[in-house]
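Close look at the chain arrangement
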Amino acid sequence: MFSIIVISINRIYLVERLFLSLCRQINKNFEIVFIYGPSINKDDVDALCNLFSNLTIRTFQSQDNCLSRSRNLALSKIRGDFFAIPDDDCVYEPSTLEMARELFEKYPLISAIIGKHMGLDESCERKNTAPVFLTRYAVFKNCPSYIQFYRSSILPDVGFFDENLGVGSHTPYQSGEETDFALRTMQAGFAIARTQSVLVHHPYENLQNPSLRRKVHAYAAGRMYLLRKHHFSFVFMIINVFYPLVILPYECLKECIYKARYRVTMFFYRLLNITGTK
C-alpha cells in the first residue's frame, strides 16, 4: 500500500485537483495522510474530505508552517509499504502509483524512485525504459520532492526530514530538505533510481512572480548549506554557483527557437491566406 503525504500550509483550494487525480488511479491501494496548516479551518478540511468519501483520508493539523516538521508528522502516521510526497498543487497521471509499484516490485534493490515531472497541461508519452541508478551528484538535477517515491522500510535507517531545512523552518535555509533526505538515503546504503515511466504534473515557475527574487534567495541559501552539510567538494560548489550563468545562453536560444518557429508559422499561413481560403 502507498501512503500519499499531502501537506497544505495555506493552499487548501489547490488540494481538490490533486485528490481528483488520486480518484482516477489505476492502483487503488493507497491512503492519504493530509497535514494542514494552523491557518486552515478544520471545517474546510472536513468539507474537502467529504467530497472524496471514496478515498481513505486521515487528517492532522500541523503546529506551525514548517514544511519539514509537517512531513515528519505525516511520516509518523503512515501505514503503507511505500510513501510519496506530492506538493498540494500536483496532479498524478492515472498510472502514476501503479507504475511506481511495478518498479518497486520488479527491482527489489531500488529503495527510492525519482519520476518525471511535466507542466500541468503538458502531455508526454510514458516511456517504459529501465530505471537509471543515481549518484549523489545526480540528485541535484530534477529531483523535486513531488516526483520522489520511497519504500517505508528505509525510515529506521534514514530518519525523518531535517527541520532546519525547507520552507517555514526557523533558519534562512528555505529549501533542500528533500535533497538532503535523498542524500541520507544513499548514505544509509539504499539505491535511488530515475525512471521516465512514473509521471507527475506540476506547475512551472512563474518567472513574472514579484516574489520570485525572495524565493530564489531563500532557495539558494538552502542549496549552498546543503552542499556544505554533506561535504561536497569546493569545485562542485563553484559549479553550482556558476551553473545558472552557464546554462543561460542555452535557455535563451531554446526560447528564441520556439518563438521564431511560432512567428515564421504565423507569417507563412497569413501569406498563404492573403487572397482568401478555398
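Criteria and thresholds
- Residues numbered from 1 in each chain as written.
- Predicted model: local features only at pLDDT ≥ 70, side-chain atom pairs only at ≥ 80, totals over all residues.
- Heavy atoms only, no water.
- Disulfide = S-S within 2.5 Å.
- Buried < 20%, exposed > 50% of the residue type's maximum accessible area, 1.4 Å probe, protein only.
- Phe/Tyr/Trp six-rings, centres within 6.5 Å; stacked < 30°, edge-to-face > 60°.
- Helix = DSSP H or I, 4+ residues; strand = E, 2+ residues; numbered from the N terminus.
- Pairing = 2+ DSSP bridges.
- Salt bridge = Lys/Arg side-chain N within 4 Å of Asp/Glu carboxyl O.
- Axes fitted to C-alpha atoms, helices over the stretch in contact; angles between N-to-C directions.
- Parallel < 35°, antiparallel > 145°, perpendicular 65-115°, else oblique.
- Left-handed = near helix turned anticlockwise from the far one by under 90°.
- Contact = heavy atoms within 4.5 Å.
- Nonpolar A, V, L, I, M, F, W, Y, C, P; charged D, E, K, R; others polar.
- Right-handed = clockwise from strand over helix to strand, strands pointing away.
- Core = buried A, V, L, I, M, F, W, Y, C linked by side-chain atoms within 4.5 Å.
- Polar contact = N/O pair within 3.5 Å; in protein donor to acceptor, adjacent residues only side chain to side chain.

Topic: the state of the cysteines
With the rule as written, the count across this model stands at zero disulfides. As a non-bridged cysteine, Cys23 has Cys49 as the owner of its nearest cysteine sulfur, 11 Å distant. Of all cysteine sulfurs, the one in Cys90 lies closest to Cys143, which takes part in no disulfide; the gap is 14 Å. The buried category is assigned to Cys143, whose relative accessible area is 7%.

Here's the deal with the packing of aromatic side chains
Using the criterion set out here, one finds 17 aromatic pairs in the structure. Note on Phe19 and Phe34: the rings are 5.9 Å apart at their centroids and 80° apart in plane angle, and the pair reads as edge-to-face. Separated by 15 residues along the polypeptide, Phe19 in helix H1 (residues 12-23) and Phe34 in strand E2 (residues 30-36) bring together distant segments of the chain. Judged on exposure class, the residue Phe19 and its partner Phe34 are both buried. When the centroid spacing of 4.6 Å and the interplanar angle of 25° are considered together, the rings of Phe161 and Phe181 count as stacked. Placement of Phe161 in the loop between helix H5 (155-158) and helix H6 (177-187) and of Phe181 in helix H6 is noted, with a sequence separation of 20 residues between them. Residues Phe161 and Phe181 agree in their burial class; the two are buried.

Some thoughts on the pairing of strand E6 (residues 110-118)
In regular strands, side chains alternate between the two faces of the sheet. Burial runs high along E6: seven of the nine residues are buried. When E6 meets strand E9 (residues 191-201), the two strands line up parallel, connected through seven bridges. Directly across from Ile113, in E9, lies its bridge partner Ala193. With three bridges connecting them, E6 and strand E8 (residues 148-151) associate as antiparallel partners. Within E8, the position partnered with Ile114 by the bridge is Gln148.

Section: the pattern of salt bridges
All chains considered together, the criterion is met by 13 salt bridges. A salt bridge links Arg58 to Glu31; the nearest nitrogen and oxygen atoms lie 3.1 Å apart. Pair noted here: Arg58 is in strand E3 (residues 57-61) and Glu31 is in strand E2, with a separation of 27 residues, a long-range link. Residue classification places Glu31 among the buried positions, given a relative accessible area of 2%. Where Arg69 meets Glu163, a salt bridge forms, and the shortest distance between an N and an O atom there is 3.0 Å. In this pair, Arg69 sits in helix H3 (residues 67-75) while Glu163 sits in the loop between H5 and H6, placing the two residues 94 residues apart along the sequence. Within the structure, one salt-bridge network assembled from shared partners comprises Asp162, Asp180, Arg184 and Lys229.

Some remarks on the packing of H1 against helix H2 (residues 42-51)
Running from N to C, H1 and H2 cross one another at 15°; their axes reach a closest spacing of 11 Å. Our classification of the angle between H1 and H2 gives roughly parallel. Pair H1 / H2 crosses with right-handed handedness. Residues Ile12, Val15, Glu16 and Phe19 of H1 pack against Asp44, Val45, Leu48 and Leu51 of H2. Residue classes in the contact of H1 with H2 are distributed as six nonpolar, no polar and two charged.

With respect to the packing of helix H7 (residues 212-229) against helix H8 (residues 234-272)
Helix packing for two helices is described by the angle between their axes and how far apart those axes are. Packing of H7 against H8 leaves a shortest axis separation of 10 Å and a crossing angle of 170°. For the element pair H7 / H8, the angle class is roughly antiparallel. Residues Arg223, Met224, Leu227 and Arg228 of H7 form the contact with H8, whose own contacting residues are Phe236, Met237, Asn240 and Val241. In the contact of H7 with H8, the residues fall into five nonpolar, one polar and two charged.

Here we look at the pairing of E3
Where E2 and E3 come together, five bridges link them in parallel fashion. Bridge pairing in E3 places Tyr36 opposite Gln61. Running through H2, the crossover from E2 to the neighbouring parallel element E3 is right-handed.

Focus: the nonpolar core
One finds Ile4, Phe19, Leu22, Ile32, Phe34 and Phe149 to be the most contacted residues of the largest nonpolar core, which totals 69 residues. When residues in this core are grouped by element, the largest group, six residues, is from E2. Phe34 has contacts with Val6, Ser8, Ile12, Val15, Phe19, Val45, Leu48, Ile57, Arg58, Thr59 and Phe60, leaving out every residue within four places of it along the chain.

A word on the side chain of Gln174
Positionally, Gln174 belongs in the loop between H5 and H6. For Gln174, a relative accessible area of 17% corresponds to the buried category. A polar side-chain atom of Gln174 sits 3.1 Å from a polar atom in the side chain of Ser169. If we ignore the near neighbours within four places in the chain, the residues touching Gln174 are Gly166, Val167, Gly168, Ser169, Ala218 and Tyr219.

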